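# Descriptive structure summary
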Amino acid sequence: MRWINLFHANLRKEYIELKRYLPNTIAMVATFYFIFLGLFAGIQFIGDPSSAEANTQYLIVNYVFWFLGLMVIQTIGWEITNEAMRGTLEQLYMSPMGVWRIMAARLASSVVLNIMIITVLLFVTMATTGQWLNIDIITIIPILILTIISMMGVGFMIAGISIIWKQVSAFLQILQFVLAGLTFISVKQAPFLVYFPFVKGVDLVRDVMINGVSLSQIGIADFGILFGNAIFYFVLGLIIFILCERIAMRKGLLAHY
Amino acid sequence: MKPIIEVKNVNKAYKKRRSKECVQAVDNVSFSVQKGEILGLLGPNGAGKTTTIKMICGLLVPDSGTIEISGIDNTKHRLRALKHISAVLEGNRNLYWRLTVRENLEYFAGNRGKSRKEVKERVEQLLHDFRLKEKEKELVNRLSRGMQQKLAIAVSMLAESDVILLDEPTLGLDVETGYEVRELLKSIVKEYERTVIISSHDMDVIQDICDRTVIINKGKVVTDDKIENLMRLFEVKSYIFNLGGLLTDQQLELLQNRFTEMTYTPDTIYSTIEVDLFQNEAIYELFDILKMENTPVESFDRVTVNFEQVFMKIVNGGEKICVG
């Protein structure tokens, strides 16, 4: 019950801030859309016309997942840095719930809100390109949940680093390109990527949305890999976060920026 | 009765970032706080007050020693101990400036895992008690500094914890708001039956509110006593002598060697000596030095000291002072 209360408090805060910083939210959505238009124009005017349709479909899925990955993975890191700058981080550390739970609740809230925005953007991009993908909710949702759990693990790793070294913005910028690499490259082209966080999930979603694969067609082995990947990275992320917290508490770095 | 907070032999050292030099911020600090007490934690800048407060809050891990809050060792069971303690560490910076007064209270209450019903009831109560109801829909960045400080204290009250720690609660407030916050803190102890630890540079606040003070200097506890005892000690021991002329160089040297806490103000008509006499026989020694040159003593009296002077004497004296 306390988890639900925590989630509710953070969802409300995230929603209020999204509304109160409306120009930022609009700018973010507009940036997403205009970059997409640029990439789409590239496929139309420079790319091979015979594969333009397939390329556009890949672009939509890859781009949307890159955006989602960026949001999930960077959120906690940004939140820690912002809270330290504002002076509220130590206040969060005074909660008997523990900061990792607060951050998990905040991340889950942010995912809920961002998925709404991303869904709208997905339909806008599909309408813009005229390429309508297979939106099989029943198949997509379990894959998406496991993929996001794995992304959250990476998010916790970055958040842990940002507790100790608050100025991680340069690193987060480089991370955008690493993420682009992980979301744009298919597992079929580089099988070793299956061990990387969330790559398998994005690959499965591509299969569902582009090739029309249904839940029954996805093997148990694939789900097993996805599940194992999600749990492994989430637990690893959490361990790194808690270790970094302990270092920060020993060295007195919590409030430092 | 078992104290609600027990700090035992706590040590904390930091390494300086560049020079890697080790600085002992807190050196074998021990003190305890009883339920319902208001304790003032004092010390000059860099004395180790904030480090001590942060260790009590579990935000810093001590190198050695233990800190128990309501019998729970916060170095081993941090989250359990946090159920019994709340804090205002950075005053108005502890708040979300782009949220309203009500939103801040609701968020922090929810963050402690409280249900929506509990949150609603508690927030209503605090808005009423802290006279913030009229401002409940105001964004924090539009509030006065005093109002922000009141809200920060209200946030710390959400926890319904046994102990509240306040780091510089009146810093930057004007006289009127400072007085209001002071009265608020008194009522917290009386009406809510909380234990309060205040760290402040404002001696008037400490003197007005606190029952007892722990003074830390260079990481060590130099005094742990009731304010009235400290005041009495210095009131009894501080004297002013009015002399009918000047001291000779030899007399001055002897006095300075014998009494480290001495101020001499030379004047051809009325010179004065202000001195702390901690031992009874010291006064005879002082008279002996004055008698050497037959320096006339026009009058002498006890000096009325305020708490700020007491604090300065303790800190500058540097030695441990034991009273009572």
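Residues numbered from 1 in each chain as written. Chains lettered and ligands numbered in written order. Predicted model: local features only at pLDDT ≥ 70, side-chain atom pairs only at ≥ 80, totals over all residues. Heavy atoms only, no water.

In the nomenclature of an unreviewed UniProt entry, chain B is known as ABC transporter ATP-binding protein of Cerasibacillus terrae. You can read under Sequence similarities (unreviewed entry) in the UniProt record for chain B the words "Belongs to the ABC transporter superfamily." (UniProt positions renumbered as here; feature names shortened; annotations may be inferred.)

As recorded by an unreviewed UniProt entry, chain A carries the name ABC transporter permease and is attributed to Cerasibacillus terrae.

### Some remarks on the nonpolar core
Across soluble globular proteins, nonpolar side chains show a tendency to be buried alongside one another. Formed by 171 residues in total, the largest nonpolar core has its most connected members in Ile-5, Ile-56 and Phe-130 of chain B. A per-element tally of this core places helix H3 (residues 52-86) of chain A first, with 17 residues. Counting contributing residues per domain, this core is built from domain 1 (5-227) and domain 2 (232-317) of chain B, each supplying no fewer than three. Excluding residues within four positions of it along the chain, Ile-5 of chain B makes contact with Phe-31, Ser-32, Val-33, Ile-56, Glu-68, Ile-69, Ile-85, Val-163 and Ile-197 of chain B. (Core = buried A, V, L, I, M, F, W, Y, C linked by side-chain atoms within 4.5 Å. Buried < 20%, exposed > 50% of the residue type's maximum accessible area, 1.4 Å probe, protein only. Helix = DSSP H or I, 4+ residues; strand = E, 2+ residues; numbered from the N terminus. Domains from an automatic or database assignment. Contact = heavy atoms within 4.5 Å.)

### So, the environment of Glu-180 of chain B
Residue and element names in this part refer to chain B. With respect to the secondary-structure elements, Glu-180 resides in helix H6 (residues 175-192). Residue classification places Glu-180 among the partly exposed positions, given a relative accessible area of 34%. Taking the C-alpha atoms as reference, Glu-180 lies 29 Å from Ile-314; in sequence the two are 134 residues apart.

### Quick notes on the UniProt feature "transmembrane region" (unreviewed entry) in chain A
All names here are of chain A. Using the residue numbers shown here, the UniProt feature "transmembrane region" (unreviewed entry) corresponds to residues 21-46, 58-78, 99-125, 137-165, 177-198 and 218-244. Between the end C-alpha atoms of residues 99-125 there is a gap of 37 Å, over a span that is 100% helix and 0% strand. This span, residues 137-165, is 97% helix and 0% strand, and a straight line between its end C-alpha atoms measures 40 Å.

### Some remarks on the domain arrangement of chain B
Residues and elements named next belong to chain B. Partitioning chain B into structural domains gives domain 1 (5-227) and domain 2 (232-317). Computed from C-alpha atoms alone, the centre-to-centre distance between domain 1 and domain 2 is 40 Å. Taken together, the contact between domain 1 and domain 2 spans 12 residues of the former and 5 residues of the latter. Carbon and sulfur atoms supply 81% of the area that domain 1 and domain 2 bury against each other, a total of about 780 Å² over both sides. At the junction of domain 1 with domain 2, the criterion picks out 0 residue pairs in polar contact (both at pLDDT 80 or more). Listing elements by their share of the side of domain 1 that touches domain 2, those giving two or more residues are helix H7 (203-209), strand S9 (212-217) and strand S10 (220-226). Class assignment for the residues of the side of domain 1 that touches domain 2 results in 7 nonpolar, 5 polar and no charged. (Buried area = accessible area lost by both parts, 1.4 Å probe. Polar contact = N/O pair within 3.5 Å; in protein donor to acceptor, adjacent residues only side chain to side chain. Nonpolar A, V, L, I, M, F, W, Y, C, P; charged D, E, K, R; others polar.)

### Quick look at the pattern of salt bridges
Residues and elements named next belong to chain A. Within the structure shown, the criterion is met by 32 salt bridges over all chains. Where Arg-106 meets Glu-83, a salt bridge forms, and the shortest distance between an N and an O atom there is 2.4 Å. Of the two residues, Arg-106 is situated in helix H5 (residues 99-129) and Glu-83 in helix H3; the sequence distance between them amounts to 23 residues. Both residues of the pair, Arg-106 and Glu-83, belong to the buried class. (Salt bridge = Lys/Arg side-chain N within 4 Å of Asp/Glu carboxyl O.)

### Concerning the interface of chain A and chain B
Between chain A and chain B, the residue contacts involve 38 residues of the former and 38 residues of the latter. Counting the surface lost from both chain A and chain B, the interface buries some 3,200 Å², and carbon and sulfur atoms represent 54% of this. Among the residues of chain A in contact with chain B, Arg-20, Gln-91 and Met-94 of chain A are the three that bury the most area, contributing 22% of the side total. If you look at where chain A meets chain B, you find 3 salt bridges. Those elements giving two or more residues to the side of chain A that touches chain B turn out to be helix H1 (2-20), H3, helix H4 (89-93), H5 and helix H9 (220-251) of chain A. A total of 11 residues in the side of chain A that touches chain B trace back to one element, the largest contributor, which is H1 of chain A.

### Quick notes on the packing of aromatic side chains
Under the definition given, this model contains 19 aromatic pairs over all chains. Ring centres 6.1 Å apart and planes at 75° place the aromatic pair Phe-192 of chain A and Phe-196 of chain A in the edge-to-face group. Residue class for Phe-192 of chain A comes out exposed when judged on its relative accessible area of 52%. You can call Phe-196 of chain A partly exposed: its relative accessible area is 35%. Geometrically, the ring pair formed by Phe-241 of chain B and Phe-287 of chain B is edge-to-face, given 5.9 Å between the ring centres and 80° between the ring planes. With a gap of 46 residues between them, Phe-241 of chain B in strand S11 (residues 238-243) and Phe-287 of chain B in helix H10 (residues 282-292) connect regions that are remote in the sequence. Taken together, the aromatic side chains of Phe-32, Phe-36, Phe-40, Tyr-63, Trp-66 and Phe-67 of chain A make up a single cluster linked through ring pairs. Over the ring of Tyr-96 of chain B we find Lys-13 of chain A, and its NZ or CZ is 4.7 Å from the ring centre. Positioned above the aromatic ring of Tyr-21 of chain A, the side-chain terminus of Arg-98 of chain B is 4.6 Å from the ring centre. (Phe/Tyr/Trp six-rings, centres within 6.5 Å; stacked < 30°, edge-to-face > 60°. Lys NZ or Arg CZ within 6 Å of the ring centre and 35° of its normal.)

### Overview of a nonpolar patch on the surface
Residue and element names in this part refer to chain A. A cluster of nonpolar side chains, Ile-137, Ile-138, Ile-141, Ile-145 and Leu-215, forms an exposed patch at the surface whose accessible area comes to about 470 Å². With respect to the helices and strands, Ile-137 occurs in helix H6 (residues 137-164). Relative accessible area serves as the criterion here: at 49%, Ile-137 is assigned to the partly exposed category. (Patch = residues over 30% accessible without salt bridge, like charges linked within 9 Å, V, L, I, M, F, W, Y side chains within 5 Å. Areas by Shrake-Rupley, 256 points an atom, 1.4 Å probe, with all protein chains shown as cover.)

### Section: the side chain of Asn-114 of chain A
Checked against the element boundaries, Asn-114 of chain A lands in helix H5. Not counting chain neighbours up to four residues away, the residues in contact with Asn-114 of chain A comprise Met-28 and Met-71 of chain A.

### Brief notes about the sheet that holds strand S2 (residues 22-33) of chain B
Residue and element names in this part refer to chain B. With respect to topology, 4 strands assemble into an open sheet ordered S2-S1-S4-S5, the strand pairing being antiparallel. Where the open sheet ends on each side, the last strands, each with one partner, are S2 and strand S5 (72-73). Here strand S1 (residues 5-15) pairs with strand S4 (residues 64-69) via 5 bridges, running antiparallel. The residue of S4 that forms the bridge with Lys-8 is Thr-66. (Pairing = 2+ DSSP bridges.)

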